[in-house]
Amino acid sequence: MPLIAALSKDLTLALAATLLALAGLGAAPARASDLGPTLNRVRDTGVIVIGYRPASLPFTYLDAQLKPIGYSIELCERVVAAVRQRLQLPELEVRRVEVASATRLPLVTNGTLDLECGITTHTAERARNQAFSLTTFVAETRLLTRAGEAARSLAELRGRTVASTVGTTSIQHLAKVNEQQALGIRILGGLDDPEAFQLLRSGRAEAFLMDDVLLHSLLAQQGLKLGGGPQDYRMSERSLTVEPYALGLRRGDPQFKALVDETLAGLYRSGEIFAIYRRWFESPLPASGLNLKLPMSPALRRAIAQPTDSPDPDRYR
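**Q** Can you explain the packing of helix α3 (residues 71-87) against helix α8 (residues 254-270)? Please cite residues and give values.
**A** Closest axis-to-axis distance for the α3/α8 pair is 9 Å, and the angle between their directions is 120 degrees. With respect to each other, α3 and α8 are oriented oblique. In the crossing of α3 with α8, the sense of the turn from one axis to the other is right-handed. Across the interface between the two elements, L75, R78, V79, A82, V83 and R86 of α3 pack against F256, L259, V260, T263, L264 and L267 of α8. Considering only residue class, the contact of α3 with α8 consists of nine nonpolar, one polar and two charged.

**Q** An account of helix α7 (residues 212-221) is needed here, citing residue identities and associated values.
**A** With respect to burial, α7 is a largely interior element, seven of its 10 residues being buried. Those residues of α7 not exposed but buried are D212, V213, L214, L215, S217, L218 and L219. Packed against the buried residues of α7 are β7 (131-146), α6 (193-201), β10 (207-211), β11 (233-235), β12 (241-249) and α9 (272-281). Once α7 ends, the next one or two residues include G223, with phi positive near 70 degrees.

**Q** Explain the state of the cysteines to me, and be specific about the residues and the numbers.
**A** In protein chemistry, a disulfide is the covalent bond that joins the sulfur atoms of two cysteines. Applying the stated criterion to the full structure yields one disulfide. Across the disulfide from C76 sits C117; the S-S distance is 2.0 Å. Sign of the S-S torsion, about -105 degrees for the bond between C76 and C117, identifies this disulfide as left-handed. Here C117 lies in strand β6 (residues 115-117) and C76 lies in helix α3, a separation of 41 residues in the sequence. Using a relative accessible area of 1% as the deciding quantity, one classes C76 as buried. Accessibility expressed as a relative area gives 0% for C117, which makes it buried.

**Q** Tell me about the confidence of the model for the chain, residues and numbers included.
**A** Model confidence for the chain is summarised by a mean pLDDT of 90, while 88% of its residues fall at 70 or above. Every residue in residues 1-27 is under pLDDT 50, and counting partners more than four places away or in other chains gives one contact.

**Q** Please set out the pattern of salt bridges residue by residue, giving values where relevant.
**A** A complete count under the given rule lists 16 salt bridges for this structure. Between E74 and R78 there is a salt bridge; the shortest N-O distance is 3.5 Å. With E74 and R78 both in helix α3, this residue pair falls four residues apart, about one helical turn. In the salt-bridge network here, residues are joined through shared partners; they are E74, R78, E272 and R279.

**Q** Give me the lowdown on the sheet that holds strand β2 (residues 55-56), citing residues and values where you can.
**A** Here three strands make up an open sheet; going across it, the order is β2-β3-β4 and the pairing antiparallel. The sheet is open, and its two edges are formed by β2 and β4 (68-69), each paired on a single side. Sheet topology places strand β3 (residues 60-62) next to β4; two bridges connect them, and they run antiparallel. Paired with Y61 across the bridge in β4 is I69.

Cut-offs used in this document
Residues numbered from 1 in each chain as written. Predicted model: local features only at pLDDT ≥ 70, side-chain atom pairs only at ≥ 80, totals over all residues. Heavy atoms only, no water. Axes fitted to C-alpha atoms, helices over the stretch in contact; angles between N-to-C directions. Helix = DSSP H or I, 4+ residues; strand = E, 2+ residues; numbered from the N terminus. Parallel < 35°, antiparallel > 145°, perpendicular 65-115°, else oblique. Left-handed = near helix turned anticlockwise from the far one by under 90°. Contact = heavy atoms within 4.5 Å. Nonpolar A, V, L, I, M, F, W, Y, C, P; charged D, E, K, R; others polar. Buried < 20%, exposed > 50% of the residue type's maximum accessible area, 1.4 Å probe, protein only. Disulfide = S-S within 2.5 Å. pLDDT = per-residue confidence, 0-100. Salt bridge = Lys/Arg side-chain N within 4 Å of Asp/Glu carboxyl O. Pairing = 2+ DSSP bridges.

Structure representation (structure tokens):
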């Protein structure tokens, strides 16, 4: 009887050890076939590459140590944390690559970037070459003019000079309407938003077409404001286009997109996104102290309540 009891005890311990081993398998890194190309490459190299803009406050800009920070960067950092957990790579290296309006899309398409963390509008045309996350922000394009030279539409700027930023949906819309309506507008392009704004401020352009949130940011950074004073600027009340922003991803990688989208959806479901928004749009900003005092738009609230990756502007109206 003691021998049988001993054997029974040994079998129980062996079974327990086997169950523990099987349980451990559930925590093991996923198989390569389950990961998709992006996560496979990140696992093999130990590096994830993100793209950032150096001067697109408050979405992505540099702090005093020249490290990228901002609303879009924080969202990407949450994705990076999810990648670390998924791949069990606590020492995962984050490589940051500076991008511009003209370079951000090609760098996603050719595989240089795993995540583009900026102010990129998701459009059906762009989606032919790359993928996009759930919508993270909703902007609208408007015309900015100097006080006393207000314009409500591009038609009112017939034969005049209008600035925008190269590689953006704003300058594409400007060129399209200019051609369709034969407005004879002279289009000037800045390499980035601050340069395009300087075209208006210096008098070389009579209007600047850009996303409203970026116009507010540019004015705040230079101590300027909207209003009727001689040194002030006016923004058109009527918007010209709706711009759903999203994080840029490679096409053909549903596994990585699913991880990115679930990370964002988790922030939306928990309500944590509202604290993140307040940190960057309704509070003094790190490294600048500016407070844009921009409450969340109804369109963004709807996109958070019902997450979507639609490029259709009507989805956000």
